[in-house]
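Fold and contact review
Listed below, chain by chain, are the residues.
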Amino acid sequence: ALGVVNTIFTADTSKIADPSELGGLFGILGSVESLAGIIGPILGGSLAKIHPIRGPLSAVLILYGMVFTMVYWGYESIVGRAKLSVSSSHDKKED
């Protein structure tokens, strides 16, 4: 499921970013994904020591709940604003 979310997020951000900044944007996205791949197992292992089932499961449910909340109530407005600002900046460059 997370691979699908990363693909959608990357596709959307590539549409709203300025073309001259895409390389830096994808570098940051790749760095964050790599960092999450390092921190995730460490955090999951620590939580599993506290409680083998409830610890990691609770963390995953809380994180997915936070992401769902942000996407449901804010993603479209953030992406829509960014698309408008990028398109208006492209219009100004063409003038």
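Residues numbered from 1 in each chain as written. Predicted model: local features only at pLDDT ≥ 70, side-chain atom pairs only at ≥ 80, totals over all residues. Heavy atoms only, no water.

**With respect to the overall build of the chain**
What the chain contains, in helices and strands, is three helices and zero strands. For the chain, the N- to C-terminal ordering of α and β elements is α-α-α. Each of the 95 residues in the chain was classed as buried or not, and the buried ones make up 13%. Of the accessible surface of the chain, which amounts to about 7300 Å², a share of 72% is contributed by carbon and sulfur atoms. (Helix = DSSP H or I, 4+ residues; strand = E, 2+ residues; numbered from the N terminus. Buried < 20%, exposed > 50% of the residue type's maximum accessible area, 1.4 Å probe, protein only. Areas by Shrake-Rupley, 256 points an atom, 1.4 Å probe, with all protein chains shown as cover.)

**Description of a nonpolar patch on the surface**
Together, Ile 62, Leu 63, Met 66, Val 67, Met 70 and Val 71 give the surface a local cluster of nonpolar side chains, amounting to about 570 Å² of exposed area. Take Met 70: it is sitting in helix α3 (residues 54–94). Owing to a relative accessible area of 56%, Met 70 belongs among the exposed residues under this scheme. (Patch = residues over 30% accessible without salt bridge, like charges linked within 9 Å, V, L, I, M, F, W, Y side chains within 5 Å. Salt bridge = Lys/Arg side-chain N within 4 Å of Asp/Glu carboxyl O.)

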